[in-house]
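# Descriptive analysis of the structure
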Amino acid sequence: MSHPASPPEDLEAPELAELGGDTLDPRDWGELRALGHRMIDDMFAFLETVRERPPWRPVPREIEAQLRQPAPSDATPFAEVYRDFTKLVLPYPNGNIHPRFWGWVQGTGTPFAMLADLLASGLNPQMAGFAHAAVIVEQTVISWCQQLLGFGGAGSGLLTSGGTMANLTAVAVARHALAGFDVRAGGLQDPACPRWVVYGSTETHSWARKSMELLGFGHRALRLIDVDDDYRISVAKLRARLAADRAAGLTPLCILGNAGTVNTGAIDDLHALADVAAEHGAWFHVDGAFGALAYLSLDHRELLRGMQRADSLAFDLHKWMSMPFEAGCVLVQRPGAQRDAFVYHPAYIAPTARGVAGNPSPFADLGIELSRGFKALKIWMSLKAHGSDAFGAAIAANIRQAQALGRRVERSARLQLMAPVSLNVVCFRYRRDGLSAAQLDALNQEVLLQLQERGIAVPSGTTLRGGFALRVANVNHRTVGADLEALAQAVERLGDELGGAPAVR
Ligand SMILES: Cc1ncc(COP(=O)(O)O)c(C=O)c1O
């Protein structure tokens, strides 16, 4: 029976076997191969000499205009397109691969992981997760992450684009695991749905607010509890808020702990939070975006005591594990909880008993994404090549550098430490007697911009209780102590230079 939408039979149409194709493969493989070798050589030279260039410089207007061209319909030779890259993109990097970049929390990447990414793109598997070797690689990487962070192997995990996705996924799992009704069917409109609330400190990263909005709780249901002088959540205030909320008929869903806050690197009392969560039957989630990886350093893992009591943990391998973007990870301890929150098999992707779709645990069952790239390869190859101890050593070096910068700041009459150095984040600023709080804020904002624009170094900025601060978040395996000494000297020099400038009123 012919389908009603079938086009009428065309007697002129060629037979199927006579039809050609329009491949995007190169006509001349040898030419593209030679270009590929050149690209790799150029990129190695670029990485090897990274220290000789400024970390950052603005994209000039004429370069921007050349980048913002209409979509091309005609072909350009590969070599010319590559030349455009070397002229228009390569000279204007974000800066995070440079040894004097400590802005936000942006990892550095490694040359070997770059090569692994190339291989992953060449192989180009769809990582929803069918029956192929790349799936076993990702499952192995998840198992390695569990082992390296002291988590049991009974739970599950997933590589994500980053920390935001990893944290969001964890809270979605918590919502499903604790609902007690079919939240996947009825959602928050189900009559059985309680008025849920989630708790974290005022230092919790913005992923939490966005996730509350996206999961339908609304960000008003995110209770941001005050922190102590060390920027750690006040457990007493958390308890008081929980009691008040319960009395008002609200249900605590999840307690969020920070293992390294984004602002200052503070680590909450994770044992105390695990206790509070257990007392209230709430899920305990730890955001360890960068801090969790300090567990790889034997000298520092004690700082993270209690982390393994988390029901779920989010962290980023593209931060302190130096993987090229993107590589986040969520681990869930409760067996089956992650899959129960997401599994769904419509007919067109149903697993089969054997064959390509014959894998019982595809990654699409563990999160919201279906199409996923082969992020696991760079992690698998890097851990094999360097060994986990090398990552632990790089992390320990960053922490020691941060502590030494903190001491350097405290010794200087012209610098002021703005928060305790708990881990790898140093918040400080230029100070001078006789300037008002607003003048000091403006002066330090200008110091920050000039550090970046003069190509000296890239810290970022934040506002703490004491006012505006320069913020050094050190996850950089290329940094040596002299880089941070150069930063401290530059802040003193720029502060002196700008102290009387008109920008400061
Ligand atoms: C503590 C913390 N949590 C979550 C995130 C978000 O991670 P991502 O940028 O990978 O989404 C960050 C980013 O810096 C962070 O520092």
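Cut-offs used in this document
Residue numbers run consecutively from 1 along every chain, following the written order of its sequence. At least 70 in pLDDT is required for a residue's local features to be given in this predicted model, at least 80 for side-chain atom pairs to be given and counted, and no such filter applies to totals for whole chains, interfaces and linings, which use all residues. The side-chain values count all of the structure's non-hydrogen atoms but skip hydrogen atoms and water molecules. A single heavy atom is enough: if one lies within 4 Å of a molecule or strand, its residue is considered near that molecule or strand. Polar contact is defined as a pair of N or O atoms within 3.5 Å, subject to the rule that within protein one atom must be able to donate a hydrogen and the other to accept it, and that residues adjacent in sequence are counted only when both atoms are side-chain atoms. For this classification, the nonpolar set comprises Ala, Val, Leu, Ile, Met, Phe, Trp, Tyr, Cys and Pro, the charged set comprises Asp, Glu, Lys and Arg, and every other residue, Gly included, is treated as polar. Working definition: helices are DSSP H or I runs of at least four residues, strands are E runs of at least two. Numbering for both runs from the N terminus. Expected span, for any helix, means 1.5 Å times one less than how many residues it has. Remark: exposure states derive from per-residue accessible area (1.4 Å probe, protein chains only) relative to the maximum for the residue type, with buried under 20%, exposed over 50%, and partly exposed in between. Whether two residues are in contact is decided by their heavy atoms, any of which lying within 4.5 Å being enough. What makes two strands pair is DSSP finding at least two bridges between them. The convention used is that axes are lines fitted to C-alpha atoms, helices contributing only their stretch in contact, and that angles between N-to-C directions extend from 0 to 180 degrees. The patches reported here contain residues having more than 30% relative accessible area and no salt bridge. Joining distances are 9 Å for like charges and 5 Å for nonpolar side chains (Val, Leu, Ile, Met, Phe, Trp, Tyr). Accessible surface is estimated by sampling points in the Shrake-Rupley manner with a 1.4 Å probe; for residues, cover comes only from the protein chains shown. Salt bridge, as applied in this entry: a Lys or Arg side-chain nitrogen positioned within 4 Å of an Asp or Glu carboxyl oxygen. We define the nonpolar core as a collection of buried residues of types Ala, Val, Leu, Ile, Met, Phe, Trp, Tyr and Cys that are connected through side-chain atoms lying within 4.5 Å of one another. Using a 1 Å grid laid over the protein atoms alone, points where a 1.4 Å probe fits but cannot get out form a cavity; open sets with protein on both sides within 12 Å along at least 5 of 7 lines form a pocket; any residue with an atom within 4 Å of a point counts as lining. Grid points are joined across faces, edges and corners, and a volume is the space filled by probe spheres set on the points. A pair of sulfur atoms, both from cysteines and within 2.5 Å, is called a disulfide here. Oblique is the label for any angle not covered by the other classes, which are roughly parallel (under 35 degrees), roughly antiparallel (over 145) and roughly perpendicular (65 to 115). Crossing handedness: left-handed means the near helix sits turned counterclockwise from the far one by under a right angle, and right-handed means the same turn made clockwise.

Turning our eyes to something else, we now look at the site of the ligand. Taken together, 15 residues surround the ligand, and among them G163, T164, D287, D316 and K319 come closest. Between the ligand and the protein, one listed contact pairs a nitrogen atom with a side-chain N or O atom of D287 at 2.6 Å. Measuring from an oxygen atom of the ligand, one finds a side-chain N or O atom of K319 at 2.9 Å. Classifying every residue of the shell around the ligand by side-chain character gives 5 nonpolar, 7 polar and 3 charged.

We now examine helix 13 (residues 388–411). Spanning 24 residues, helix 13 covers 35 Å between terminal C-alpha atoms, matching the ideal 34 Å at 1.5 Å per step. Within the sequence span of helix 13, burial applies to F391, G392, I395, A396, N398, I399, Q401, A402, L405, G406, R408 and V409. The inward-facing, buried residues of helix 13 abut helix 12 (376–386), strand 8 (415–417), strand 9 (425–430), strand 11 (467–473) and helix 15 (481–498).

Strand order in this open sheet of 4 strands is 8-9-11-10, and the pairing throughout is antiparallel. Because the sheet does not close on itself, it has two edges, and the strands there are strand 8 and strand 10 (460–464). Sheet twist, expressed as the mean angle between neighbouring strand axes with direction ignored, is 40°. Pairing of strand 8 with strand 9, which is carried by 3 bridges, proceeds in the antiparallel orientation. Within the sheet, the bridge partner assigned to Q416 lies in strand 9 and is R429. The strands touched by helix 14 (residues 437–453) within the sheet are strand 9, strand 10 and strand 11, with strand 11 carrying the most contacts at an inclination of about 30°.

Nonpolar side chains collect at one region of the surface, where V59, L67, F85 and V89 lie side by side and expose about 290 Å² of accessible area between them. Take F85: it is sitting in helix 3 (residues 78–89). Residue classification places F85 among the partly exposed positions, given a relative accessible area of 30%.

We now examine the nonpolar core. One finds I255, F284, M307, F315, L317 and W320 to be the most contacted residues of the largest nonpolar core, which totals 106 residues. Contacts of M307, omitting those with residues within four sequence positions, involve L149, F151, L270, V286, A292, Y295 and L313. Counting residues in hydrophobic clusters, the runner-up holds 24 residues, among them L405, V409, F428 and I456.

On the secondary structure map, T204 appears in the loop between strand 2 (196–201) and helix 8 (207–214). Residue class for T204 comes out buried when judged on its relative accessible area of 13%. At 2.7 Å, the side chain of T204 forms a polar contact with the backbone oxygen of S201. At 3.4 Å, the side chain of T204 forms a polar contact with the side chain of N258. Excluding residues that lie within four positions of it along the chain, T204 makes contacts with L224, L256 and N258.

Moving on: helix 5 (residues 133–148). The periodicity of an α-helix, 3.6 residues per turn, causes residues three or four positions apart to be oriented the same way. For helix 5, spanning 16 residues, the distance from its first C-alpha to its last is 22 Å, which sits close to the expected 22 Å at 1.5 Å a residue. Taken as a whole, helix 5 has its buried residues at A134, V135, V137, E138, V141, I142, C145 and Q146. G150 occupies a position one or two residues after helix 5 and carries a positive phi of about 75°.

Here we come to the layout of surface pockets. In this structure, the largest pocket spans a volume of roughly 880 Å³. Lining the largest pocket are 32 residues; nearest its centre among them are M43, L47, F85, I97 and M114. Those elements that place two or more of their residues in the lining of the largest pocket are helix 1 (29–48), helix 3 and helix 4 (111–123). Broken down by element, the residue count for the lining of the largest pocket peaks at 8 residues, all from helix 1. Here the lining of the largest pocket is composed, by residue class, of 19 nonpolar, 10 polar and 3 charged.

Here we come to the state of the cysteines. Every disulfide links exactly two cysteines, by a covalent bond between their sulfur atoms. For the structure on display, the rule yields 0 disulfides. For C193, which is in no disulfide, the shortest distance to another cysteine sulfur is to C254 and amounts to 15 Å. The exposure class assigned to C193 is buried, which follows from its relative accessible area of 17%. By relative accessible area, which is 0% here, C254 ends up buried.

Spatial ordering of the open sheet is given by 1-7-6-5-4-2-3, a layout of 7 strands whose pairing is mixed. Of all the strands in the sheet, the pair left with one neighbour each is strand 1 (156–160) and strand 3 (222–225). Taken pair by pair, the neighbouring strands of this sheet meet at an average axis angle of 20°, ignoring direction. Note that strand 1 and strand 7 (residues 328–332) share 5 bridges and pair antiparallel. Bridging from a neighbouring strand, T160 pairs with G328 of strand 7. Where helix 5 meets the sheet, its contacts fall on strand 1, strand 6 (312–316) and strand 7, and the angle it forms with strand 1 comes to roughly 110°. This element, helix 8, spans strand 2, strand 3, strand 4 (251–258) and strand 5 (283–287) of the sheet and lies at about 160° to strand 3.

What follows is about the packing of helix 6 (residues 163–178) against helix 8. With their axes 10 Å apart at the nearest point, helix 6 and helix 8 run at an angle of 45° to one another. As far as their axial angle goes, helix 8 and helix 6 are oblique. Relative to helix 8, the crossing made by helix 6 is right-handed. Contact with helix 6, carried on its side by T164, N167, L168 and V171, involves W207, S211 and L214 of helix 8 and no other residues of that element. By residue class, the composition of the contact of helix 6 with helix 8 is 4 nonpolar, 3 polar and no charged.

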